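Below, each chain spelled out in residue letters.
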Amino acid sequence: MADTHQEGAGTGADFDLSQFYQIFFEEAGENLDQMEQMLLDLDLDAANDEELNGIFRCAHSIKGGAATFGFADVAELTHQMESLLDRLRRHELQVIAPMVDVLLESADASRSLLARHQAGGQGEAMSTQDLVRRISTLAAGGVPAAAPAPVAAPAPAAPAPLPAPQEAQVQQGQAAADGTRALEIHIGPLAQPALAEAIKDLFRDIPGLGSIDDLPDERPGMRRFAVRTASTDEDLLDLFAFHVAKEQVAIHAAGAPAAAPQAAAVAEPYGFFAGAPGVPVDEVAAAALAAPAPRPAAPRAGAEPKAASQASMESSTIRVAVNKVDQLINLVGELVITQAMLAQNSRGLDAGLHQQLLAGLADLDRNTRDLQESVMSIRMIPMSIVFNRFPRMLRDLAGKLGKKVDFVTHGEATELDKSLVEKITDPLTHLVRNSLDHGIELPDDRIAAGKAEHGTLSLSASHQGGSIVIEVRDDGKGLSREKILKKARERGLDVSDAMPDGEVWNLIFAPGFSTADVVTDVSGRGVGMDVVKRNITSLGGSVEIDSAEGYGMRVSVRLPLTLAIMDGMSVGVADEVYILPLSSVVESFQVNADDVNTVAQGSQLVKVRDEYMPVVSLERIFDVPRPNAGEGSSIMVVVEADGSRVAVLVDELLGQHQVVVKNLETNYRKVPNVSGATILGDGTVALILDTAALVRRARH
């Protein structure tokens with residue numbers, strides 16, 4: 001198939017469509033995602049025209065692009081979907097659950113077929129015969145009983161058919177009173193019927209273009225139509241050029257001698273177009289019309305605002321490869337380091353003698369910060385990208401498990417670094433599946449427990465300081481403290497009945513730990529939870545569980561907003577420099593030795609405004625050598641993480657500045673209480689402290 005669309009049809013010049021492949025695949029994927037979301041949101045009892053038109057447009061756009069590139073299997077399947085959707089939006093059929101099911105399965109099949117084409121046709125193509133048969137059956141089932149035997153894809157309800165050419169009352173070249181002309185159009189030879197069907201769709205989708213009906217034509221690969229339109233022949237040829245070459249089209253007045261298309265018998269079946277592939281057909285065609293046609297009395301509800309919004313969205317965005325964005329961020333990081341070096345080296349300069357130089361360095365500092373914020377915002381994407389994949393998964397799993405669940409999301413607009421979004425998706429998927437499988441009860445069990453028949457599973461995302469907190473909640477049966485302790489004893493773990501609830505819940509993160517009575521193919525609470533925690537921890541995050549037996553469970557995942565550049569406070573301990581994330585810093589103050597109290601096992605507490613706070617000494621943790629043994633730290637910096645505060649004991653505060661985060665584990669090894677490293681203005685390396693780890697250390 002790849003060899004059939006490398007040359008322009010009848011143009012005599014080479015034209016490589018492969019340059020547009022990636023655009024088509026990306027736009028087809030977006031259309032499939034949009035179609036799936038709209039199908040899941042569809043109200044079966046009161047589906048409105050705008051919803052059905054939106055789903056139809058998605059299928060229509062995919063079909064047009066697939067036919068253009070010669071992906072016949074995708075074009076045929078989406079054509080069948082389009083036929084069913086067309087009957088639904090014309091209210092010839094009532095939407096029922098099996099229709100939504102088969103359309104969702106067809107969208108999955110289309111995605112699989114497109115992935116195969118994108119991979120160069122590798123692997124065995126999946127069969128769509130069963131899907132096509134089911135779609136045809138559903139489409140035919142909507143025909144009234146008194147009607148003749150149904151066909152698989154009935155023709156859409158269109159304006160009154162044109163009279164036969166020999167009976168036409170409009171003479172050749174003469175227009176009727178309403179400005180329309182009766183024409184015959186011959187197209188072919190065509191290798192795929194879907195191309196001719198796509199041309200018929202133009203008349204159905206473009207308001208005021210006119211009407212079109214099939215005429216018999218026994219020539220192989222040829223199609224003949226009776227058309228009534230106000231458009232000129234040139235306008236029609238421009239429209240058809242999206243699907244076929246102009247040489248394959250012959251237009252003449254109804255009743256005039258037929259003129260065969262100029263194309264040879266073995267013409268290239270794929271035409272080319274001026275715009276980018278994958279753009280919805282109705283938008284391309286509307287732009288090609290030179291003169292506006294009269295509007296019909298009843299245009300499709302919601303069609304034009306949607307089209308206008310889509311056109312605006314496409315013109316205001318640009319696709320950029322991820323590696324280019326990563327390269328840009330790395331360069332900005334190097335620029336931040338260079339700016340810090342210049343700022344440090346300029347501190348000793350006389351302000352009077354070097355006023356212009358210092359002013360320029362101040363501007364460079366401000367512009368570098370603005371540039372860094374702008375570049376980082378490119379990498380930030382909304383959590384809705386992650387959340388939107390769960391409704392379909394929950395719908396399928398709930399049907400498989402016989403459960404009823406309402407899915408609720410909050411904070412979809414909260415943004416997170418793209419690299420984190422990609423890595424957090426799998427852990428969240430596991431948590432959501434666990435909540436549905438082992439958290440939400442069966443409807444009868446919920447009613448017996450005095451709960452609503454429908455369970456509720458919610459996903460939320462919010463910013464807290466320099467972190468993002470993602471919560472997975474369910475109102476199911478929660479965790480059983482007794483079952484967890486019993487299982488832990490069976491596995492030989494050291495546990496006691498006096499353990500706090502938080503420590504009991506954390507036992508499910510042990511490798512292979514599960515309290516499930518029956519292991520299902522959906523999930524097993526505890527099975528793989530160690531992997532979930534390990535993946536989250538590797539991102540510099542943490543995970544916490546809160547549960548109440550009989551009422552539900554909450555899993556909180558806390559992650560840093562970005563892994564690239566951050567604002568930090570540099571502190572000095574003897575000759576060493578450490579970086580505290582500025583988002584975690586609450587305050588700093590001078591401390592007297594009398595304010596620090598030593599308690600059991602050498603732990604220290606400091607009283608701050610009638611509140612006792614654990615003291616963390618960086619000198620002890622990192623065994624910092626001190627040249628003068630008599631000196632000691634006298635400044636405390638209060639940092640907050642995981643809802644708790646500790647006082648970090650340091651010698652001096654060096655200042656606040658942006659730091660470029662370098663992965664220490666990749667370049668060296670994992671170091672306790674350290675989340676990364678950075679390069680200072682003088683070229684030395686400073687460790688970035690993990691405030692969450694310092695807080696946990698102080699707790700224990």
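The rules we used
- Residues numbered from 1 in each chain as written.
- Predicted model: local features only at pLDDT ≥ 70, side-chain atom pairs only at ≥ 80, totals over all residues.
- Heavy atoms only, no water.
- Helix = DSSP H or I, 4+ residues; strand = E, 2+ residues; numbered from the N terminus.
- Buried < 20%, exposed > 50% of the residue type's maximum accessible area, 1.4 Å probe, protein only.
- Contact = heavy atoms within 4.5 Å.
- Areas by Shrake-Rupley, 256 points an atom, 1.4 Å probe, with all protein chains shown as cover.
- Expected span 1.5 Å × (residues − 1).
- Salt bridge = Lys/Arg side-chain N within 4 Å of Asp/Glu carboxyl O.
- Polar contact = N/O pair within 3.5 Å; in protein donor to acceptor, adjacent residues only side chain to side chain.
- Phe/Tyr/Trp six-rings, centres within 6.5 Å; stacked < 30°, edge-to-face > 60°.
- Pairing = 2+ DSSP bridges.
- Axes fitted to C-alpha atoms, helices over the stretch in contact; angles between N-to-C directions.
- Parallel < 35°, antiparallel > 145°, perpendicular 65-115°, else oblique.
- Left-handed = near helix turned anticlockwise from the far one by under 90°.
- Nonpolar A, V, L, I, M, F, W, Y, C, P; charged D, E, K, R; others polar.
- pLDDT = per-residue confidence, 0-100.

A. A look at the overall build of the chain. A tally of helices and strands in the chain yields 21 helices and 22 strands. Scored against the burial criterion, the 700 residues of the chain give a buried share of 45%. In the chain, of all internal contacts separated by at least 6 residues, the share reaching a separation of at least 24 is 70%. Counting only carbon and sulfur atoms, one obtains 52% of the accessible surface of the chain, whose full area is about 34,600 Å².

B. Representation of helix H4 (residues 97-118) in the model. Between its first and last C-alpha atoms H4 spans 32 Å; for 22 residues at 1.5 Å apiece the expected length is 32 Å, and the two agree. On the buried face of H4, the contacting elements are helix H1 (21-41), helix H3 (72-89), helix H5 (129-140) and helix H13 (390-401).

C. Layout of the environment of Pro-427. Position of Pro-427 relative to the elements: it lies in helix H14 (residues 418-439). Residues in contact with Pro-427, not counting those within four places in the same chain, are Val-532, Asn-535 and Ile-536.

D. Summary view of the pattern of salt bridges. Considering all chains together, one arrives at 27 salt bridges under this definition. When the shortest N-O distance is used, the salt bridge between Asp-101 and Arg-395 registers 2.6 Å. Of the two residues, Asp-101 sits in helix H4 while Arg-395 sits in helix H13, which places them 294 residues apart along the sequence. A relative accessible area of 28% places Asp-101 in the partly exposed class. On the basis of relative accessibility, which here comes to 32%, the residue Arg-395 falls in the partly exposed class. Arg-134 is the partner of Glu-105 in a salt bridge, and the nearest nitrogen-oxygen pair spans 2.9 Å. One end of the pair, Glu-105, is in helix H4; the other, Arg-134, is in helix H5, and 29 residues separate them in sequence. Sharing partners across several salt bridges, the network here consists of Asp-33, Glu-36, Asp-108, Arg-111, Arg-392 and Asp-396.

E. Region of interest: the side chain of Thr-691. Mapping Thr-691 onto the fold places it in helix H21 (residues 691-699). A relative accessible area of 7% places Thr-691 in the buried class.

F. Just the side chain of Thr-414, in detail. As for its placement among the helices and strands, Thr-414 is situated in the loop between strand S6 (405-410) and strand S7 (415-417). Looking at Thr-414, its side chain comes within polar contact range of the main-chain oxygen of Gly-411, at 2.9 Å. Setting aside residues no more than four positions away along its own chain, Thr-414 makes contact with Ile-381, Pro-382, Met-383, Ala-461, Ser-462, His-463 and Ile-468.

G. View of unusual backbone geometry. A positive phi angle is found at His-91, which is not glycine, with a value near 60 degrees. With respect to the helices and strands, His-91 occurs in the loop between H3 and H4.

H. Representation of the packing of aromatic side chains within the structure. Summed over the entire model, instances satisfying the criterion amount to 4 aromatic pairs. With 5.8 Å between their ring centres and 15 degrees between their planes, Phe-25 and Phe-71 make a pair best called stacked. Placement of the pair is Phe-25 in helix H1 and Phe-71 in the loop between helix H2 (49-69) and H3, with a sequence separation of 46 residues. Since its relative accessible area comes to 4%, Phe-71 is described here as buried. On the basis of an interplanar angle of 20 degrees and a centroid distance of 5.1 Å, the ring pair of Tyr-578 and Phe-622 is categorised as stacked. With Tyr-578 in strand S13 (residues 576-581) and Phe-622 in the loop between helix H19 (618-621) and strand S18 (635-641), the pair connects residues that are 44 residues apart, well separated along the chain.

I. Spotlight on the pairing of strand S19 (residues 644-650). With 5 of 7 residues buried, S19 lies mostly within the body of the structure. Note that strand S17 (residues 611-617) and S19 share 3 bridges and pair parallel. Paired with Ser-617 across the two strands is Leu-649, which belongs to S19. As judged from the 7 bridges shared by S18 and S19, these two strands associate in the antiparallel manner. Paired with Val-637 across the two strands is Val-648, which belongs to S19.

J. Spatial organisation of the sheet that holds strand S8 (residues 455-464). Judged by pairing direction, the sheet is mixed, and its 5 strands sit side by side in the order S6-S8-S9-S11-S10 without closing on themselves. Every other strand in the sheet has two partners, leaving S6 and strand S10 (542-548) as the edge strands with one partner each. Neighbour-to-neighbour, the strand axes of the sheet open up by a mean angle of 15 degrees, direction not taken into account. Two strands pair when backbone bridges link them, and S6 and S8 are joined in this way by 6 bridges, in the parallel orientation. Across the sheet, residue His-410 finds its bridge partner in S8, namely Ser-460.

K. Main features of the sheet that holds strand S3 (residues 223-229). Spatial ordering of the open sheet is given by S2-S3-S1-S4, a layout of 4 strands whose pairing is antiparallel. Of all the strands in the sheet, the pair left with one neighbour each is strand S2 (211-215) and strand S4 (249-253). If you compare each strand with its neighbour and ignore which way they point, the axes differ by 25 degrees on average. Strand direction decides the pairing type here: S2 and S3, joined by 5 bridges, are antiparallel. If you follow Asp-214 over to S3, its bridge partner there is Phe-225.

L. Region of the structure containing the pairing of strand S1 (residues 181-187). Among the 7 residues of S1, 6 are classified as buried, and the element is accordingly described as predominantly covered. Where S1 and S3 come together, 7 bridges link them in antiparallel fashion. Its bridge partner being in S3, Glu-184 is matched across the sheet by Ala-226.

M. Up close: the environment of Ser-570. Tracing the backbone through its elements, the reader meets Ser-570 in strand S12 (residues 565-573). The class for Ser-570 is buried, based on a relative accessible area of 4%. C-alpha separation for the pair Ser-570 and Leu-680, spaced 110 residues apart in sequence, amounts to 9.7 Å. Those residues in contact with Ser-570 that lie beyond four places of it in its chain are Val-577, Tyr-578, Ile-579, Leu-653, Leu-654, Gly-655 and His-657.

N. Local environment of the packing of H1 against H2. Close contact between H1 and H2 brings their axes to 9 Å; oriented N to C, the two are set at 155 degrees. Taken together, H1 and H2 sit at an angle that is classed as roughly antiparallel. For the pair H1 and H2, the crossing hand works out as left-handed. Where H1 approaches H2, its residues Tyr-21, Phe-24, Ala-28, Asn-31, Leu-32, Gln-34, Met-35, Met-38, Leu-39 and Asp-41 are matched on the opposing element by Glu-51, Gly-54, Ile-55, Cys-58, Ala-59, Ser-61, Ile-62, Gly-65, Ala-66 and Phe-69. Looking at the contact of H1 with H2 residue by residue, the classes come out as 13 nonpolar, 5 polar and 2 charged.

O. Just the environment of Ile-385, in detail. With respect to the helices and strands, Ile-385 occurs in helix H12 (residues 384-387). Residues Ile-385 and Glu-422 lie 37 residues apart in sequence; the distance between their C-alpha atoms is 9.7 Å.

P. Structural detail: the confidence of the model for the chain. Per-residue pLDDT for the chain averages 75, and the proportion of residues at 70 or more is 77%. In the predicted structure, residues 142-173 sits below a pLDDT of 50 and forms 41 contacts with residues beyond four places in sequence or in another chain. Per-residue pLDDT stays below 50 along residues 262-315; that stretch engages in 98 contacts with residues further than four places along the chain or on separate chains.

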